Amino acid sequence: MKSSVIIFPGSNCDRDMDVALKKFGFKNQMIWHNDNSIPKSDLIVLPGGFSYGDYLRCGSIASKSKIIKSVIDFANSGGLVLGVCNGFQILTETGLLPGILQQNKYLNFICRNVFVKVKDKQNKYFKDIKKNILELHIAHNEGNYFCSNDEMKSLEDNNQIAVTYCNKNGDESDENNPNGAIKNIAGIFNNKKNVLGMMPHPERMIDKYLSGEDGSLFFENLLRNLN
Amino acid sequence: MIIKVIVTLKNGVLDPQGKAIQQTLNGMNFSSVNDVRQGKFFEINVNENDETKAKLQVEDMCKKLLANLVIEDYKIL
């Protein structure tokens, strides 16, 4: 399986994502934001970081960059696009995903492990994943997901909520919501479920000794579903 | 000509920075402050002499880039 990670000026999780994808068997290539096209890929990843210094709004400048038209075309033709953290913010700014990531409710940059509950398995990312609750890492200042009531209704009606913040037992109450995101949303799909945006970083949880391996479960599972 | 734009959060959208500023002002004994909303201000120099045409262009810019209409409103001054 071939993957492509897009690098924007200010991306800083691109190499971590490259390491993770290669570890689980993807043939990954790194694509510069100013390129015109993306080589044939089974998966495109928009990595975390601070693309264009988070100027204007997080992800807004990247969502108009030269390479992004190819990403949108790929997504619209059914290709898998994963946006993590700043990648999620970029996906909302392109309009591929509804809503927006606002500043965290308590104005603090949050960098810690969280638990998320997998809410939908009828998709390539989470089908047959071995755990329903994953321990992943978040590191963001703007992860407070917000959308209009109509968009929320449509997300719920089509099972587009991918993962929600919870505790290790799956409790989704307010105290387990790190950033104020509406309905504890940590990640969502588009309505065809080929585009996934999420704040937690699976690529940071792929080492038994350093971090735990719930990110490994995510990548192994995705690769298995693509084969 | 220079066109000025203000982008603000829509009413009802949580503005944590505005809230923090309000609480700080209250703490500084500006007890009359009930609410603060923070926004962005742009001065856009457009190569256009006709004000109506310039503002039309800026409106398009607001919709496509300067404001995210999910949570923000824009006002062209």
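Residues numbered from 1 in each chain as written. Chains lettered and ligands numbered in written order. Predicted model: local features only at pLDDT ≥ 70, side-chain atom pairs only at ≥ 80, totals over all residues.

Structural notes on the overall build of chain A
For chain A, the helix and strand inventory stands at five helices and eleven strands. Counting only C-alpha atoms, chain A reaches 45 × 35 × 35 Å along its principal axes. Considering chain A as a whole, with its 227 residues, one finds that 52% of them fall into the buried category. Contacts in chain A between residues far apart in sequence, at least 24 positions, make up 74% of those at least 6 positions apart. (Helix = DSSP H or I, 4+ residues; strand = E, 2+ residues; numbered from the N terminus. Buried ≥ 20, exposed ≤ 12 C-beta atoms within 10 Å, placed from the backbone. Contact = placed C-beta atoms within 7 Å.)

Details of the overall build of chain B
A tally of regular secondary structure across chain B gives two helices and three strands. The globule rule puts the C-alpha radius of gyration for 77 residues at 11 Å, and the 16 Å found for chain B is more than 25% above it. Dimensions of chain B, computed from C-alpha atoms along their principal axes, come out at roughly 45 × 25 × 15 Å. The burial tally for chain B puts 13% of its 77 residues in the buried class. Restricting to contacts in chain B with at least 6 residues of sequence separation, those with at least 24 account for 63%. (Rg over C-alpha atoms; globule rule 2.2 N^0.38 Å.)

Structural notes on the sheet that holds strand β1 (residues 2-7) of chain A
All names here are of chain A. Reading across the sheet, the nine strands line up as β2-β1-β3-β4-β11-β10-β9-β6-β7 and stay open at both edges, with mixed pairing between neighbours. Both edges of this open sheet fall to β2 (27-32) and β7 (133-140), since each of them pairs with a single strand only. Across the sheet, the axes of successive neighbouring strands diverge by a mean angle of 25°, strand direction being ignored. Note: strand β4 (residues 80-84) against strand β11 (residues 195-198), four bridges, orientation parallel. The residue bridging L82 from the neighbouring strand is L196, located in β11. The strands touched by helix α2 (residues 68-76) are β1, β3 (43-46), β4 and β11; relative to β4, the strand with the most contacts, the crossing angle is about 125°. (Pairing = 2+ DSSP bridges. Axes fitted to C-alpha atoms, helices over the stretch in contact; angles between N-to-C directions.)

A closer look at the pairing of β1 of chain A
The two faces of a sheet get side chains in turn, since along a regular strand they alternate between them. All names here are of chain A. A large share of β1 lies buried, amounting to five of its six residues. Handedness of the crossover is the feature at issue here: the chain leaves β1, passes through helix α1 (residues 14-23), returns alongside β2, and the resulting connection is right-handed. Where β1 and β3 come together, three bridges link them in parallel fashion. If you follow S4 over to β3, its bridge partner there is I44. (Right-handed = clockwise from strand over helix to strand, strands pointing away.)

A word on unusual backbone geometry
Despite not being glycine, K193 of chain A has its phi angle at roughly 65°, a positive value. A positive phi is found at N29 of chain B, a non-glycine position, where the angle reads about 75°. One can find N29 of chain B in the loop between α1 (16-27) and β2 (39-45).

A closer look at the interface of chain A and chain B
Each side of the interface is counted separately: chain A has twelve residues, and chain B has eight residues. Its residues placed into classes, the side of chain A that touches chain B shows four nonpolar, five polar and three charged. (Nonpolar A, V, L, I, M, F, W, Y, C, P; charged D, E, K, R; others polar.)

Considering the sheet that holds strand β3 (residues 72-76) of chain B
Sheet strands pair via backbone hydrogen bonds, and the direction of the pair is either parallel or antiparallel. All names here are of chain B. Strand order across the open sheet formed by three strands is β2-β1-β3, with antiparallel pairing between neighbours. The open sheet terminates on both sides in strands that have one partner only, identified here as β2 and β3. The average undirected angle you get between the axes of adjacent strands in this sheet is 20°. Note that strand β1 (residues 2-9) and β2 share seven bridges and pair antiparallel. The residue bridging K4 from the neighbouring strand is E43, located in β2. This element, helix α2 (residues 51-66), spans β1, β2 and β3 of the sheet and lies at about 35° to β1.

A short note on the environment of G83 of chain A
All names here are of chain A. Within the secondary structure, G83 sits in strand β4. Between the C-alpha atom of G83 and that of I44, which follows or precedes it by 39 residues, the distance is 8.5 Å. Contacts of G83, omitting those with residues within four sequence positions, involve L46, F88, I90, L91 and G197.

Some remarks on α2 of chain A
Residue and element names in this part refer to chain A. Where α2 is concerned, the buried positions are I68, V71, F74 and A75. Down the axis, α2 shows its buried residues gathered within 120° of arc, on one side only. Just beyond α2, the residue with positive phi is G78, at close to 100°. (Arc of directions from axis to C-beta.)

Regarding the confidence of the model for chain B
Low pLDDT means the predicted atomic positions in that stretch should not be read closely. Scored by pLDDT, chain B has a mean of 94; 100% of the residues are at 70 or more. Note on the complex model: pTM 0.92, ipTM 0.77. (pLDDT = per-residue confidence, 0-100.)

A few points about the environment of I31 of chain A
Residue and element names in this part refer to chain A. Tracing the chain through its elements places I31 in strand β2. Given 20 C-beta atoms within 10 Å, I31 falls into the buried group. Taking the C-alpha atoms as reference points, I31 and S4, separated by 27 residues in sequence, lie 6.5 Å from one another.

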